[in-house]
Amino acid sequence: MNFDLTNISELPTGPDAAHVALFALTLILLLITLVRGGKKTIEIEKIVEKEVEVKVEVEKIVEVIKHVDVEKIVEVEKIVEIKAPLQEASPAAACQLLSLLQNEARFVDFIQEDLTGATDEQIGAAARIIHTGSKKVINEYFSFTPIRSEEEESQVTVAEGFNPSEVKLIGNVLGSAPYRGILVHAGWKISSVNLPKLAQGHNANIVAAAEVEL
Amino acid sequence: MSDITTNEIAAKYSIGIDLGTTHCVLSYIDLEQEGDKAVKQLFAIPQLSAPGSVTEKHQLPSFVYQAHEDEISKDQTPLPWNAENTALVGDVARNLGLKTPIRLVSSAKSWLSHATVSPHDAILPFSSPEEVEKISPVTATAQYLNHLAEAWNNAHPDSPIAEQDVTITIPASFDPAARNLTAQAAQELNLKHLNLLEEPQAAVYSWLEACGDEWRDQVNVGDTILVVDIGGGTTDLSLISVEESEGNLTLSRVAVGEHILLGGDNMDLALAYRLKMKLMQEGKQLQPWQIQAITHACRDAKEKLLSDGDVDAMPIVIPSRGSKLIAGTMQTELTRDEVKQTILDGFFPATAVTEMPQQNTRTALTQIGLPYAQDAAITKHIAHFLNKQHDAIESDAGDFIKPTAVLFNGGVFKSDAISSKLIDIINDWLITADVEEEAKLLTGIDLDLAVANGACYHGYAKYGKGVRIKGGLASSYYVGVESSMPAIPGFEPPLEAVCIAPFGLEEGSNVDVATHQFGLVVGQPVKFKFFGSTVRREDVVGTHLDFWQPEDLEQLPDIEVTLDSANRNSGDVVPVSLSVTVTEVGTLKVEAIASDSDEAWEIELTVRQ
């Protein structure tokens, strides 16, 4: 099973609870990524490299080993000084992302809700809210590029000295580089993160304020 | 407009600001960059998106939120350049205003050109309870500009905006008062080089920039370009004629349309109300906040349904307000037929060129307060413009202007069905009038960003680096004088009009009305009736009209002057003549000049009662 962000834009138009769950899981993984990498400065210029699984299936191997192994490296290429009132989007970034997803996509509401008695039609309607809103948040604050530009299911060569966190060899992993194989998944790399900056003393734990209408 | 004189500090950037009804955009070009095609860039504007959270967006929504003192803690509104900031401008204001509309200042731009409201009066948020602190339309506009300026200065500490070449766009239909008010709103920025540019012209500049040198292959001498710019709140029309001067193609803006408060937002609102009716028939009631939720969804659905031929219906979901998402969510759908009926048939009906907008029926959805267009049919407004301006081009004989090229601008035209229907209707008008060639649709501009892009290209072109459009006054102006005739009991003396500024008067030029003298009383405010005409092109300064077609001269808000002079006694009568200047900025300045001394008093154009 692949967890990838292409699913976001390809949710089926009909109600489909399984896809909603899949989608929610994707977002949780993204959150974990942010929490684990939140120690250093993330600046507008870039750079978060997320290890994304790229499976290169070596020829003739039937079984595809399933890995969901998301690890996180943050490289600070450029530290820009931020002026006084704003603190860096550090560990609070996860809460912040949840808050953005809640505000735009009602994400926390949906996850907290018991779906047992809900019809697929109801869940489908909710999926649209979550999909539209999450897509807006993801597109606004993150830019993604595929790690490999070749067509999936085509023959590719993995050159010597490749970065194993970018390209994962799977299947019949034998011999030495360069490797020839089938590109199973092109991978995703976050090329820039531009999360809102938070005011000093802003309590990011408040994901959604209670609302009282007067 | 004269070219830049060399003794001033050279600007490093040309900055274009699209000061829109619903959002502002800033783009810029580095003037020092060499090369045939300087690269324009879009400025990412830091702004609060929610209390305590600052984000960068390319659009600054034109809203101010007047928060209640208990609503937001003081330390939750810092901006990168001001830790003490308390103003809520941009995204945060729009977001908060969705749930508390009584505190949201919106549409300030439309109020600037409102004929009956004084733009310096604190009236916004309009018609909200007394307890809410109000600001004037000019103050609101100034807040948007100040935010942009501070954001710019923060990002470019070595090139403050005051030193740069700044072009701010305005509707072509803005009257002199609204233009002056826009310049006033920019006063705090202390801009050394400010120009106001009409939005349809900015769209043409953007097209020129997009075409590069190839624009000369796309149009020829004698061509007339109709520009239709449909913004969020207004529809703005202009005619640009392609002329020849010293062997070169030149562009000249020859006519502008009336102020039509009708735009893309009206269309989205119309769809939202249509869905509201549909849900009501199913027994479901919609709250006001839900209408806002579907209005936004309708915009996206509209674009999709009118662009993608494979989609017949788009689902519209209205989320609940509480934390239970599943239980409270309502779902409906918007079909292609509904969009076609509401948008294509409602706003772009295939009418004849002789069919004029209705003035007395209300079909468009309106908010109270602003004089929204009464007829939603944009095609009729365009027909009216082409008919009214039939004299604008010398070679064009006939009842209406036959454009040879058309440029569309505004997000509405992202729907292919709308642009192709409108160009078809215009071409039908041409065929009916036995014109052989169809009007050519000029393309290549970014429909959302063309105004800001064109504005910064305008600043760039000013330095001799690109093609410029000849503009000048798009109206001739008149003051009303009472005719001298024996008094007839029960009748007001008939009004006559004296032309004080001719059509096409260019920026930086000045005219004196030597033929008429007025006796003004010192110490008392004196009002003049003020008129503008977009069709009387032949009148020269001093032309005296004792009769005119009512639709030829549009009465503008009165203009006013108070003579106070240390050298004169209150009650004295001073003989004055009028002098009119079109400033380099692009505003109108009218002065009363004493005939017996060198004193001068500026006549206020922006007073309204």
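Residues numbered from 1 in each chain as written. Chains lettered and ligands numbered in written order. Predicted model: local features only at pLDDT ≥ 70, side-chain atom pairs only at ≥ 80, totals over all residues. Heavy atoms only, no water.

Q: I'd like a rundown of the overall build of chain A, residues and numbers included.
A: On a plain count of helices and strands, chain A comes out with five helices and 10 strands. In chain A, which comprises 214 residues, the share counted as buried stands at 43%. When the accessible area of chain A is evaluated, it comes to approximately 11,500 Å², of which 52% is carbon and sulfur surface. (Helix = DSSP H or I, 4+ residues; strand = E, 2+ residues; numbered from the N terminus. Buried < 20%, exposed > 50% of the residue type's maximum accessible area, 1.4 Å probe, protein only. Areas by Shrake-Rupley, 256 points an atom, 1.4 Å probe, with all protein chains shown as cover.)

Q: If you had to explain the interface of chain A and chain B to someone new, which residues and values would you point to?
A: Contact residues are listed per partner, giving 30 residues for chain A and 28 residues for chain B. Buried surface at the junction of chain A and chain B, both sides included, amounts to about 2,400 Å², of which 52% is carbon and sulfur. In this structure, the connection of chain A to chain B is made through three salt bridges. Close ionic contact of R321 of chain B with E213 of chain A constitutes a salt bridge, the shortest N to O distance being 2.9 Å. Taken together, the connections running from chain A to chain B amount to 10 residue pairs in polar contact (both at pLDDT 80 or more). (Contact = heavy atoms within 4.5 Å. Buried area = accessible area lost by both parts, 1.4 Å probe. Salt bridge = Lys/Arg side-chain N within 4 Å of Asp/Glu carboxyl O. Polar contact = N/O pair within 3.5 Å; in protein donor to acceptor, adjacent residues only side chain to side chain.)

Q: Break down the domain arrangement of chain A for me, citing the residues and quoting the values.
A: Many structure descriptions define interface size as the accessible area lost when the parts assemble. Residue and element names in this part refer to chain A. You can read the domains of chain A as domain 1 (9-83), domain 2 (86-141) and domain 3 (147-195). For domain 2 and domain 3, the distance between their C-alpha centres works out to 31 Å. On the domain 3 side, the residues contacting the five residues of domain 2 number four residues. Taken together, both faces of the contact between domain 2 and domain 3 bury some 350 Å²; the carbon and sulfur share is 66%. Where domain 2 packs against domain 3, one counts zero salt bridges. Here domain 2 is connected to domain 3 by one residue pair in polar contact (both at pLDDT 80 or more). When residues of the side of domain 2 that touches domain 3 are assigned to their parent elements, the largest contribution, four residues, is made by helix α3 (residues 92-105). (Domains from an automatic or database assignment.)

Q: Outline the pairing of strand β11 (residues 193-198) of chain B, supporting the account with residue identities and numerical values.
A: In summary, the side chains of a regular strand alternate between the two faces of the sheet. Residues and elements named next belong to chain B. Most of β11 is tucked away: six of the six residues are buried. Burial of the side chains of β11 extends over both faces: H193, N195 and L197 are buried on one face and L194, L196 and E198 on the other. Where strand β10 (residues 165-170) lies against β11, six bridges are found, and the strand directions are parallel. Its bridge partner lying in β11, T169 is registered against L197. Taken together, β10, helix α4 (residues 176-185) and β11 constitute a β-α-β crossover, and its handedness is right-handed. (Pairing = 2+ DSSP bridges. Right-handed = clockwise from strand over helix to strand, strands pointing away.)

Q: Talk me through the confidence of the model for chain A; I want residue IDs and the actual numbers.
A: All names here are of chain A. Mean pLDDT for chain A: 73, with 58% of residues reaching 70 or above. Every residue in residues 37-52 is under pLDDT 50, and counting partners more than four places away or in other chains gives 57 contacts. When the criterion is pLDDT under 50, residues 57-76 qualifies, and its contacts beyond four places in sequence or with other chains add up to 46 contacts. (pLDDT = per-residue confidence, 0-100.)

Q: Tell me what's going on with unusual backbone geometry, and back it up with residues and numbers.
A: For the bond from A177 of chain A to P178 of chain A, the omega torsion is -5 degrees, close enough to zero to count as cis. Counting through the fold element by element, P178 of chain A comes out in the loop between β7 (168-170) and β8 (179-183). Omega for the peptide link from L124 of chain B to P125 of chain B comes to 0 degrees, which places this bond in the cis form. Its location among the elements puts P125 of chain B in the loop between α2 (108-112) and α3 (137-155). In this structure, R106 of chain A takes a positive phi of about 55 degrees despite not being glycine. Within the secondary structure, R106 of chain A sits in the loop between α3 and α4 (107-112). Backbone geometry at S107 of chain B places phi at a positive 55 degrees, although glycine is not the residue there. According to the relative accessible area criterion, S107 of chain B is buried, its value standing at 15%.

Q: Describe the nonpolar core, listing the residues and the values that go with them.
A: Residues and elements named next belong to chain B. By size, the foremost hydrophobic cluster in this structure holds 57 residues, and its most contacted members are I15, Y144 and I168. With nine residues, the single largest contributor to this core is α3. If we skip the residues at most four places from it in the chain, Y144 touches L19, C24, L60, S62, F63, V64, V89, V105 and A108. A255, I260, A270 and A301 belong to the second largest nonpolar core, which has 56 residues in total. (Core = buried A, V, L, I, M, F, W, Y, C linked by side-chain atoms within 4.5 Å.)

Q: Go over the pairing of strand β6 (residues 155-158) of chain A with me, naming the residues and quoting the values.
A: All names here are of chain A. The two faces of β6 differ: V156 and V158 on one face are buried, but Q155 and T157 on the other face are not. Examined bridge by bridge, β6 and β8 share four bridges and lie antiparallel to one another. Paired with T157 across the two strands is R180, which belongs to β8.

Q: Give me the lowdown on the side chain of Q76 of chain B, citing residues and values where you can.
A: Tracing the backbone shows Q76 of chain B in the loop between β7 (64-65) and β8 (88-89). Polar side-chain contacts of Q76 of chain B include one of 3.4 Å to the side chain of D75 of chain B. Among residues more than four places away in sequence, those in contact with Q76 of chain B are A199, Q200, G201 and H202 of chain A together with L48, P51 and G52 of chain B.

Q: Can you break down the packing of aromatic side chains residue by residue, with the values?
A: Residues and elements named next belong to chain B. Evaluation of the coordinates by the stated rule reveals 15 aromatic pairs over all chains. Each ring, one from Y13 and one from Y28, has its centre 5.6 Å from the other, and the planes form 80 degrees; the classification is edge-to-face. Of this pair, Y13 sits in strand β1 (residues 13-19) while Y28 sits in strand β2 (residues 23-30), placing them 15 residues apart in sequence. Here the aromatic residues Y13, Y28, F43 and W152 are joined through ring pairs into a cluster of three or more. Taking the ring centre of F400 as reference, the NZ or CZ of K402 above it sits at 4.6 Å. (Phe/Tyr/Trp six-rings, centres within 6.5 Å; stacked < 30°, edge-to-face > 60°. Lys NZ or Arg CZ within 6 Å of the ring centre and 35° of its normal.)

Q: Outline the confidence of the model for chain B, supporting the account with residue identities and numerical values.
A: Residues and elements named next belong to chain B. Summary statistics for chain B give a mean pLDDT of 87 and a share of 93% for residues scoring 70 or more. Across residues 361-368, confidence stays below pLDDT 50; counting only partners more than four residues off in sequence or on other chains, it has 17 contacts. At the level of chain-chain contacts, confidence expressed as ipTM amounts to 0.75, with global pTM at 0.82.

Q: An account of the packing of α3 of chain A against helix α5 (residues 120-141) of chain A is requested, with residue identities and associated values reported.
A: Residues and elements named next belong to chain A. Running from amino to carboxyl end, α3 crosses α5 at an angle of 135 degrees, the nearest separation of the two axes being 8 Å. Put simply, α3 runs oblique to α5. In terms of crossing hand, the pair formed by α3 and α5 is right-handed. Residues L97, L100, L101, E104 and A105 of α3 form the contact with α5, whose participating residues are I129, I130, G133, S134, K136, V137 and Y141. Residue composition of the contact of α3 with α5, by class: eight nonpolar, two polar and two charged. (Axes fitted to C-alpha atoms, helices over the stretch in contact; angles between N-to-C directions. Parallel < 35°, antiparallel > 145°, perpendicular 65-115°, else oblique. Left-handed = near helix turned anticlockwise from the far one by under 90°. Nonpolar A, V, L, I, M, F, W, Y, C, P; charged D, E, K, R; others polar.)

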